[in-house]
Every structure is written in structure tokens, then in C-alpha cells.
Amino acid sequence: MRALLSLAIGSFGIGMTEFVVMGLLPNIARELVPTAWASSPDDAIAQAGWLVSLYALGVVVGAPTIAGSVARFPRHRVMVVLAAALAFFTLLTVIAPTFELVAASRFLAGLPHGAYFGIGALVAADALGPGNRAKGVAFVLTGLTIANVVGVPLGTLLGQQVGWRAAFAVVTGIFVLATICIALFVPKHPGAPGRRLRDELRVFRIGQVWFALGIGAVGFGGFFAMYSYIAPMVTEVAGQPEWAVSLVLVLVGIGMTVGNVVGGTLADKDLRFWLLIGLMALGAASVGLALTAGWIVTLVLFAFLVAFCGSALSPGIQTRLMDVAEDNQSIAAALNHSALNIGNSLGAFLGGLAIAAGLGLVAPAWVGAVLALGGLVVAVVSYRAEDRSGRHPEHRMPATEAATTAITGSIPTQR
């Protein structure tokens, strides 16, 4: 149990370091780009949105490459190194004096993210032994869930009251604690000396894999277009005080948590139907947010629905990817992490462009609707191509199981 708790502490820190920046964009922009803020706060917030995109790009790059490159090393040692790297790079965010250096630190902090979850899930799956492996993985994931519901809102409130760097200082301390606990309590866990990354890179030869990645990269970007700029929507569009952002983030976190569970159940019943309906629902919720963001009650309602629909899609997207990846399951799981974080980066980037173009702080919600529609188009083309070819995937990964792998980027060990 101490080993699982140690890993969960790290996942809590990852949840905070990835998402707390979204609630503090105005505060970060005010300090790091003061000239732009003085002339146009909207432009400054759009520039600060790059910090979201760069972290996501770090995850995209690091998830498959690090996980594949360190597979041969003992996993307990790898986890210590990854947790220490997360602590160090987050500390750089705290002390970096300029926007450019903070941006670089955010990219670096994203690199260990996917590998931590992927390898950590394998360690957790074995920690409790046969018959309890899925419980071990789920326990580790509670850190990420609690981060979305509690850690991110409290970190946002702390950053608003004391300074945004204080929030990242707390995250640094969490990663230091995780590093120490992993070193002390996670038992020895051998790697896989014979595993080679180049063998699994054959997954890129499968056309349907690219379609599945496209659904995640484009469609899921619709959620992040909203989430990245939720703070200025609450304060500037709905006219609420800064402390209200934390309350909205709590509800968004609850929407994400519930959506992930419900999405797994729905996708198990009919994956194709749910993916298509889920993307349409995400687009509709984004339009509702764009049209009614001026009222705090409707803003909260539609932000919750966007979060619910976005997270509900995750297990379905993961399931689809695992279905079409044939025997390249491990790299496919890591690539799913990359695809969803491309969506993170794309949503934040395009939302920032829309704001910078003078379209207003509600524009990211419209961007989210367009991205959801784009994901829907990719899904439709994918299924039509599959139907014409007559080749349907033989492997069917339960979507409730994919609700775990969608976050961890790895496959839970089978019982």
C-alpha cells in the first residue's frame, strides 16, 4: 500500500502541474508579459497560452520515446528518476525569470509525464499481485482524479492570492515527496531487457492507427480549447471575482471524473455509436458555452458538460486505437497519450490565436466546437474506410479498461 500511495502522490503532482496553469493564465500573463498586458490583456493571455501548448508538446514527445527507451531498465529506479525530473523541471518554472525560460521549463516538465504514468501503471499492476492488479492501477489514478477536483482549484486559489509561482512551488514539493517515497517504498521491479522500440514502431504502417490518433488529436482538442481559457471566461466574460475560478474548476474536475467512468460504460455497449455521438455532444456543449458564457450559471453548466463529454470520449478513443493497433499494443497505448496531448496543445494554441485575432475571450469555445466537428469528420472517414476494406479489428479492448489506459498510456496487466 505504501508503494501505491507513493506513486499516487506523483500522479497528484502531475495533475496539478498540467492543469493549474490554466486557472492562472491571467496572473502569469500579467507578470511575464507586462508590456503586452498593458496594451492588450487579451493578447497577453493568448501568449501565456503557449505554456499550456508547450507542456502538452513535451508529453507528446516524451510519452513514447522515454517509455520505449527505458523499458530495459529496472522500473523502480526509472520511477525515481522520472519523479526527480518532474521535481527539477517544475522548480525551473518557479525560478525562471522570463517568459521564454518559463516556456522552456514547461516543455521539459512535460517530457516525463507519459512515461511516469505508463511505467507506474505496470509497477502498480504487479504490486498487489494476481487478482488485484486493476485495483493497484486504479489506486494510483486516484492521485490524478483528486488533483482535478481538489489540487487544481486550491492551487489556483493559492496562485491568485500569493502569486502564481507559489502554486508551482507547492507542486515541486509534492514531486520531491513522491521521489523520496518511491525510493523508500516501491519494491524492486525488473524491466524488460529484450524489448526494442523499433519493433513497435511498425504500428505507424497501419492506416487506421493514424485515423484513431487523429480523432484524439483533433476531437479532444475541443475540450482543451475551453479548459485552457476558462479563467478569463469566468472573470472577464461572466464578470466574476478571481476566487470564483477555483469553484468552477472544481465542477469541471467533477465533470471530467464522472465523464471518464460513464464514457467507458457507454463505449463498451457500442463503441462506434458513442464515438460519433460523443463528438457531436462535445461540439454542441461548446456552442452552448460560447452563446451563454456571459451568465455564470450557464457558463458553469456548459463548462461541466464540455468537461464531461471530453473525458467521456477518452476511453472510447483509447479503445479504438487498441482495436486497430494489432500486436503493437504497448506503443499504441503510449501514442494515445501523445494524441490526446496534441489535442491539448492544439486546443490551447488555436484558442489563443482566436483571442489574439480580436475575436474575444469566448472565441476558444467556438474553436472547441470546430475541433469537435473535425474529430467527428475524422471518425466518419475512418469507419467508412474500414467498412469499404471489409477489415474489422479482431481485438476488442473493453472500454471500461480503456478508461484506465487512456490516462496511464499503458495496458493494465491481465488477470
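Residues numbered from 1 in each chain as written. Predicted model: local features only at pLDDT ≥ 70, side-chain atom pairs only at ≥ 80, totals over all residues. Heavy atoms only, no water.

(A) Focus on the pattern of salt bridges. Taken as a whole and judged by the stated rule, the model has four salt bridges. Measuring nitrogen to oxygen at the nearest pair gives 3.0 Å for the salt bridge that ties R165 to E31. Of this pair, R165 sits in helix α9 (residues 164–185) while E31 sits in helix α2 (residues 25–32); the two residues are 134 residues apart in sequence, bridging distant segments of the chain. R165 sits in the buried class, given a relative accessible area of 19%. (Salt bridge = Lys/Arg side-chain N within 4 Å of Asp/Glu carboxyl O. Helix = DSSP H or I, 4+ residues; strand = E, 2+ residues; numbered from the N terminus. Buried < 20%, exposed > 50% of the residue type's maximum accessible area, 1.4 Å probe, protein only.)

(B) Here's a closer look at the side chain of S228. Secondary-structure assignment places S228 in the loop between α12 (221–227) and α13 (230–237). Taking relative accessible area as the criterion, S228 reaches 0% and is therefore assigned buried. Reaching out from S228, the side chain makes a polar contact with the backbone oxygen of F224 at a distance of 2.7 Å. (Polar contact = N/O pair within 3.5 Å; in protein donor to acceptor, adjacent residues only side chain to side chain.)

(C) Broad picture of the side chain of R106. Along the chain, the position of R106 falls in helix α7 (residues 99–127). It is E18 that comes nearest to the buried, bridge-free R106 among opposite-charge side chains, at 8.0 Å. Within the structure, the side chain of R106 is placed 2.4 Å from the backbone oxygen of T17, a separation counted as a polar contact. Ignoring any residue separated from it by four or fewer positions in sequence, one finds R106 in contact with T17, E18, L51, L54, Y55, T93 and F168. (Lys, Arg positive; Asp, Glu negative; His and termini not counted. Contact = heavy atoms within 4.5 Å.)

(D) Structural view of the environment of F99. With respect to the helices, strands and loops of the structure, F99 is situated in helix α7. Excluding residues within four positions of it along the chain, F99 makes contact with L32, V33, Q47, A48, W50 and L51.

(E) Examining the nonpolar core more closely. Among the nonpolar cores identified, the biggest contains 76 residues, and V21, F223, M226, Y227, I230 and L299 are the most heavily contacted of them. Residue contributions to this core peak at ten residues, all from helix α16 (residues 296–324). The residues that make up this core include at least three from each of domain 1 (1–190) and domain 2 (201–389). If you look at the next biggest cluster of nonpolar residues, it comprises 33 residues, including A3, F12, A178 and I182. (Core = buried A, V, L, I, M, F, W, Y, C linked by side-chain atoms within 4.5 Å. Domains from an automatic or database assignment.)

(F) Focus on the packing of helix α11 (residues 207–219) against helix α18 (residues 363–389). The geometry of α11 relative to α18 is characterised by a closest axis approach of 8 Å and an angle of 165° between their N-to-C directions. Our classification of the angle between α11 and α18 gives roughly antiparallel. For α11 against α18, the interelement crossing comes out left-handed. For the pair formed by α11 and α18, the contact residues are Q208, F211, G214, I215, V218 and G219 on the first element and L371, A372, G374, G375, V378, A379, V381, S382, A385 and E386 on the second. Its residues placed into classes, the contact of α11 with α18 shows nine nonpolar, six polar and one charged. (Axes fitted to C-alpha atoms, helices over the stretch in contact; angles between N-to-C directions. Parallel < 35°, antiparallel > 145°, perpendicular 65-115°, else oblique. Left-handed = near helix turned anticlockwise from the far one by under 90°. Nonpolar A, V, L, I, M, F, W, Y, C, P; charged D, E, K, R; others polar.)

(G) Fine view of a nonpolar patch on the surface. A cluster of nonpolar side chains, namely I146, V150, L154, L157, W243 and L247, defines an oily patch on the protein surface of about 560 Å² accessible area. For the nonpolar patch, the secondary-structure elements that each account for two or more residues are α8 (133–162) and α14 (243–269). Relative to the helices and strands, L154 is located in helix α8. (Patch = residues over 30% accessible without salt bridge, like charges linked within 9 Å, V, L, I, M, F, W, Y side chains within 5 Å. Areas by Shrake-Rupley, 256 points an atom, 1.4 Å probe, with all protein chains shown as cover.)

(H) Fine view of α13. Among the eight residues of α13, six are classified as buried, and the element is accordingly described as predominantly covered. Taken as a whole, α13 has its buried residues at I230, A231, P232, M233, V234 and T235. Count one or two residues on from α13 and you reach G239, which has phi positive near 70°.

(I) The arrangement of the packing of α13 against α14 in detail. Running from N to C, α13 and α14 point in directions that differ by 130°, and their axes come no closer than 9 Å. If you check the angle between α13 and α14, you find them oblique. Crossing geometry of α13 relative to α14 is assigned as right-handed. Judged by residue contacts, I230, A231, V234 and T235 of α13 engage A244, V245, V248 and L249 from α14. Split by residue class, the contact of α13 with α14 holds seven nonpolar, one polar and no charged.

Just distances and angles here, no functional claims.
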